[in-house]
Amino acid sequence: MKTLMKLMKGYSRESILAPLFKMLEATFELLIPLVVAAIVDIGIANADGSYIVKMCIVMVALGIVGLICAIVAQYFSAKAAVGVAARLRHNVMERVLGLSYTQIDHVGYSTIITRMTSDINQVQTGVNLALRLLLRSPFVVFGAMVMAFTIDFDAALVFAGVIPVLCIVVFGIMLITMPMYRKVQEGLDGVTAATRQNLAGVRVLRAFCREDNEVHDFEQCTQELTRRQQIAGRISGLMNPVTFVIVNLAVVVLIKVGAMKVDGGILTQGMVIALYNYMSQILVELIKMANLIITMTKAAVCANRIESVLEIPVEAVTGEKSLSCRGKVEFRNVSATYEGAAEASLENISFIAQPGQTIGIIGGTGSGKTTLVNLIPGLYNASSGQVLLDGVDVRELDKHALRQSIGIVPQKAVLFHGTIRENLLWGREDATDEELWQALEIAQAADVVKDKEGKLDGEVAQGGTNFSGGQRQRLTIARALVRKPSVLILDDSASALDYSTDASLRGAIRRMKNPPTTFIVSQRAASVRCADLILVLDDGVLAGQGTHEQLLAGCAVYQEIYYSQFPKEVADHA
């Protein structure tokens with residue numbers, strides 16, 4: 001809520017004017033029962049038609065002025081609510097983009113999506129209603145009670161007795177439902193996660209005929225969310241009928257007291273009607289307040305959930321050392337453990353990659369290959385040991401400068417909606433068309449772009465779905481090469497390429513004028529066979545390092561991987 005209050009400071013004018021105009025509207029509304037009383041007691045009692053018409057015009061004028069005030073208040077409250085929601089989205093996105101891989105893994109993608117969508121929408125609705133009704137409804141309730149006291153003290157005591165009872169009901173229900181709505185939003189995180197998983201893996205689901213199973217699991221997830229919503233809704237739903245019963249009982253008492261006063265000549269019929277109208281206004285406003293409190297309860301829960309994301313500390317800029325990267329990478333007894341993991345993903349890894357060398361990294365699934373290369377640009381931090389770039393610990397380097405000197409092509413080839421040119425310029429914004437084509441040639445993607453309508457200005461669908469898997473991989477490699485990095489990381493990024501294209505890609509990188517220090521993570525022995533240094537990982541441990549010939553002669557893990565892919569050479573070796 002602190003963050004929300006800070007954001008509201010930017011809309012101080014709207015936050016003042018919206019409630020002000022709503023209270024002006026309420027003031028005119030409080031005058032209308034007095035006008036009705038005058039019509040009954042003077043106009044109708046004296047059969048004065050002109051007076052009745054005059055007072056009806058006054059009543060219409062009050063209604064029109066009140067309507068104008070309501071519209072102005074709605075404009076200012078909507079402006080503030082939309083503006084705050086936009087700032088919240090910006091702040092959440094900015095914070096998320098500043099989080100480390102470990103922090104994002106801890107928070108979870110589905111949770112972030114829910115915060116960015118449902119939670120912020122709920123906060124926007126809460127701010128809008130709060131600016132319009134938070135002061136107006138209490139103002140009308142207490143204003144009606146004050147007006148009742150000006151008419152008759154005894155009758156007004158009914159108002160004084162019923163309002164505290166109604167407040168107890170309203171605030172009691174609010175306190176009960178607040179933790180319930182928190183659980184509802186948590187349940188929404190689960191539904192979002194299930195939806196995201198099913199949509200992302202829809203092809204796999206159909207391939208394995210798992211649609212019915214996933215529908216069943218999703219139904220259970222949504223039923224649990226529905227159950228939580230129903231429990232909270234049932235309790236919240238008590239608010240309107242309970243307040244109606246209390247107020248209508250008060251109306252019965254009020255009419256009885258009023259009738260006795262009329263018989264005694266103390267009150268007029270018009271005054272009783274005015275008192276009844278004030279009681280009706282109190283009923284309407286308390287119902288509005290009840291709904292407002294329910295909405296604000298949800299908004300407060302959502303605001304706290306959003307704030308929990310904003311309170312996550314951004315990735316620390318651990319060093320200020322600048323970098324003139326030549327590309328020497330050294331690991332000194334490096335170990336790495338993911339947050340919450342029981343065992344280390346890497347243990348005591350040591351090697352040196354000289355500038356311009358090609359380093360192959362191979363091993364079984366889960367052996368720690370991706371973890372190793374993610375330590376170089378500081379996407380994750382080593383739990384012990386040092387990762388050095390040109391002799392400097394990466395934790396001491398400016399993160400922006402560090403990552404500007406490294407080209408990263410992740411396992412999943414990700415392209416963004418726009419044009420091919422826009423995607424390639426992510427590598428370097430000031431790159432010329434000649435440099436873009438050069439990168440495409442090296443990445444074996446030039447033909448892909450030439451065959452595309454519009455060439456460099458050809459359209460890229462969201463996620464690059466209008467390209468094949470191999471085409472996406474080549475384009476993401478070209479994007480990394482546009483940067484002209486000193487260190488290039490290819491994290492199993494040629495898995496969709498045929499052997500010939502893969503070999504051409506590796507050869508083209510080697511023939512570059514100033515070839516980067518290249519790390520090739522692959523399951524294919526053929527992809528790392530010609531590397532200057534091959535690292536063989538086995539369950540997070542460096543099982544061997546050396547050239548292909550050296551490992552084939554002395555590393556059992558490498559032999560097993562290589563001969564499983566080239567069985568003919570087993571017989572030759574034997």
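Everything below is about the structure printed above this text.
Residues numbered from 1 in each chain as written. Predicted model: local features only at pLDDT ≥ 70, side-chain atom pairs only at ≥ 80, totals over all residues. Heavy atoms only, no water.

## Description of the overall build of the chain
Line of reasoning, step 1. Broken down by element type, the chain carries 22 helices and 12 strands.
Line of reasoning, step 2. The C-alpha radius of gyration of the chain comes to 35 Å, more than 25% above the 25 Å expected for a compact globule of 574 residues.
Line of reasoning, step 3. Seen through its C-alpha atoms, the chain measures out along the principal axes to roughly 120 × 50 × 45 Å.
Line of reasoning, step 4. A burial count over the chain gives 47% of its 574 residues as buried.
Line of reasoning, step 5. Surface accessibility of the chain: about 28300 Å² in total, with carbon and sulfur atoms responsible for 59%.
Line of reasoning, step 6. Once the 53 positive and 55 negative side-chain charges of the chain are each reduced to a mean point, those two points are 3 Å apart. (Helix = DSSP H or I, 4+ residues; strand = E, 2+ residues; numbered from the N terminus. Rg over C-alpha atoms; globule rule 2.2 N^0.38 Å. Buried < 20%, exposed > 50% of the residue type's maximum accessible area, 1.4 Å probe, protein only. Areas by Shrake-Rupley, 256 points an atom, 1.4 Å probe, with all protein chains shown as cover. Lys, Arg positive; Asp, Glu negative; His and termini not counted. Charge placed at Lys NZ, Arg CZ, Asp CG, Glu CD.)

## Quick look at empty space enclosed by the protein
If you roll a probe as big as a water molecule over the atoms, it shows you where there is empty space left.
Line of reasoning, step 1. Applying the stated criterion across every chain yields a total of 4 cavities of 30 Å³ or more.
Line of reasoning, step 2. The volume enclosed by the largest cavity comes to roughly 100 Å³.
Line of reasoning, step 3. Lining the largest cavity are 13 residues, and of these Ser493, Ala494, Asp502, Ile520 and Ser527 lie nearest its centre.
Line of reasoning, step 4. Mapped by element, the contributors of at least two residues to the lining of the largest cavity are helix H18 (499-510) and strand S10 (517-521).
Line of reasoning, step 5. The leading source of residues in the lining of the largest cavity is H18, at 3 residues. (1 Å grid on protein atoms, 1.4 Å probe; cavity = no way out; pocket = protein on both sides within 12 Å on 5 of 7 lines; lining within 4 Å. Points joined across faces, edges and corners; volume = space filled by probe spheres on them.)

## A few points about the side chain of asparagine 374
Line of reasoning, step 1. Inspection of the secondary structure assignment puts asparagine 374 in helix H12 (residues 369-375).
Line of reasoning, step 2. Assessed through its relative accessible area of 11%, asparagine 374 is described here as buried.
Line of reasoning, step 3. Residues in contact with asparagine 374, not counting those within four places in the same chain, are Leu379 and Tyr380. (Contact = heavy atoms within 4.5 Å.)

## Observations concerning the environment of serine 12
Line of reasoning, step 1. Counting through the fold element by element, serine 12 comes out in helix H2 (residues 12-44).
Line of reasoning, step 2. Accessibility expressed as a relative area gives 37% for serine 12, which makes it partly exposed.
Line of reasoning, step 3. Taking C-alpha positions, serine 12 is 38 Å from cysteine 56, a pair spaced 44 residues apart along the chain.

## Quick look at the layout of surface pockets
Line of reasoning, step 1. As a volume, the second largest pocket reaches approximately 540 Å³.
Line of reasoning, step 2. Together, 30 residues line the second largest pocket, and Gly126, Ala130, Leu134, Leu292 and Met296 are the ones closest to its centre.
Line of reasoning, step 3. At the level of elements, helix H1 (2-8), H2, helix H5 (109-133), helix H6 (136-151), helix H7 (153-200) and helix H11 (269-310) are the ones that each hand at least two residues to the lining of the second largest pocket.
Line of reasoning, step 4. When its residues are assigned to classes, the lining of the second largest pocket shows 26 nonpolar, 4 polar and no charged. (Nonpolar A, V, L, I, M, F, W, Y, C, P; charged D, E, K, R; others polar.)

## Focus on the nonpolar core
Line of reasoning, step 1. If you look at the biggest cluster of nonpolar residues, it comprises 45 residues, and the most contacted ones within it are Leu440 and Tyr558.
Line of reasoning, step 2. Excluding residues that lie within four positions of it along the chain, tyrosine 558 makes contacts with Ile362, Arg529, Ile534, Val536, His548, Leu551 and Leu552. (Core = buried A, V, L, I, M, F, W, Y, C linked by side-chain atoms within 4.5 Å.)

## A closer look at helix H9 (residues 211-237)
Line of reasoning, step 1. In a regular helix each residue adds 1.5 Å, so 27 residues correspond to 39 Å; H9 covers 36 Å between its end C-alpha atoms and thus fits that length.
Line of reasoning, step 2. Every buried residue of H9 is accounted for by Glu214, Leu225, Ala232, Ile235 and Ser236.
Line of reasoning, step 3. Structurally, H9 contributes buried residues whose contacts are with H7, helix H8 (202-207), helix H10 (239-263) and H11. (Expected span 1.5 Å × (residues − 1).)

## A short note on unusual backbone geometry
Line of reasoning, step 1. One non-glycine residue, asparagine 333, adopts positive backbone phi at about 50 degrees.
Line of reasoning, step 2. Position of asparagine 333 relative to the elements: it lies in strand S1 (residues 329-336).
Line of reasoning, step 3. We note that lysine 455 has phi near 55 degrees; this positive angle belongs to a residue other than glycine.
Line of reasoning, step 4. Within the secondary structure, lysine 455 is located in the loop between helix H16 (446-450) and strand S8 (459-460).

## Here we look at the environment of phenylalanine 171
Line of reasoning, step 1. Examined against the element boundaries, phenylalanine 171 turns out to sit in helix H7.
Line of reasoning, step 2. Given the relative accessible area of 40%, phenylalanine 171 is considered partly exposed.

## A look at the packing of H6 against H11
Line of reasoning, step 1. Contact geometry of H6 with H11 gives a least axis separation of 9 Å together with a crossing angle of 160 degrees. Judged on the interaxial angle alone, H11 and H6 are roughly antiparallel. H11 is crossed by H6, and the crossing has left-handed handedness. Touching Arg136, Ser137, Pro138, Val140, Val141, Ala144, Met147, Ala148 and Ile151 of H6 are Met271, Ala274, Leu275, Tyr278, Gln281, Ile282, Glu285, Leu286, Lys288 and Met289, all from H11. (Axes fitted to C-alpha atoms, helices over the stretch in contact; angles between N-to-C directions. Parallel < 35°, antiparallel > 145°, perpendicular 65-115°, else oblique. Left-handed = near helix turned anticlockwise from the far one by under 90°.)

## Quick notes on the environment of lysine 484
Line of reasoning, step 1. With respect to the helices, strands and loops of the structure, lysine 484 is situated in the loop between helix H17 (469-482) and strand S9 (487-491).
Line of reasoning, step 2. Between the C-alpha atoms of lysine 484 and proline 516, which are 32 residues apart in sequence, the distance is 7.9 Å.
Line of reasoning, step 3. The contacts of lysine 484, once residues within four sequence positions are left out, are Arg428 and Glu435.
Line of reasoning, step 4. Of the polar contacts made by the side chain of lysine 484, one reaches the side chain of glutamate 435; its length is 3.0 Å. (Polar contact = N/O pair within 3.5 Å; in protein donor to acceptor, adjacent residues only side chain to side chain.)

## Here's the deal with the pairing of S10
Line of reasoning, step 1. Burial analysis of S10 places 5 of its 5 residues in the buried class, the great majority of the element.
Line of reasoning, step 2. Residues Thr517, Phe519 and Val521 line one face of S10 and the alternating positions Thr518 and Ile520 line the opposite face, and both faces are buried.
Line of reasoning, step 3. Looking at chain direction, strand S3 (residues 358-363) and S10 are connected through 4 bridges and run parallel. Considered in S10, the bridge of isoleucine 359 is made with phenylalanine 519.
Line of reasoning, step 4. As judged from the 5 bridges shared by S9 and S10, these two strands associate in the parallel manner. Bridging across to S10, isoleucine 489 finds its partner in phenylalanine 519. (Pairing = 2+ DSSP bridges.)

## Focus on helix H15 (residues 433-442)
What sets the pattern is the α-helix's 3.6 residues per turn: residues three or four places apart point alike.
Line of reasoning, step 1. Those residues of H15 not exposed but buried are Glu435, Leu436, Ala439, Leu440 and Ile442. Across the axial projection of H15, the buried residues extend over an arc of 165 degrees, all falling on one side.
Line of reasoning, step 2. Of the surrounding elements, those touching the buried residues of H15 are helix H14 (420-424), H16, H17 and H18.
Line of reasoning, step 3. Glutamine 444, located one to two residues past H15, shows a positive phi value of around 60 degrees. (Arc of directions from axis to C-beta.)

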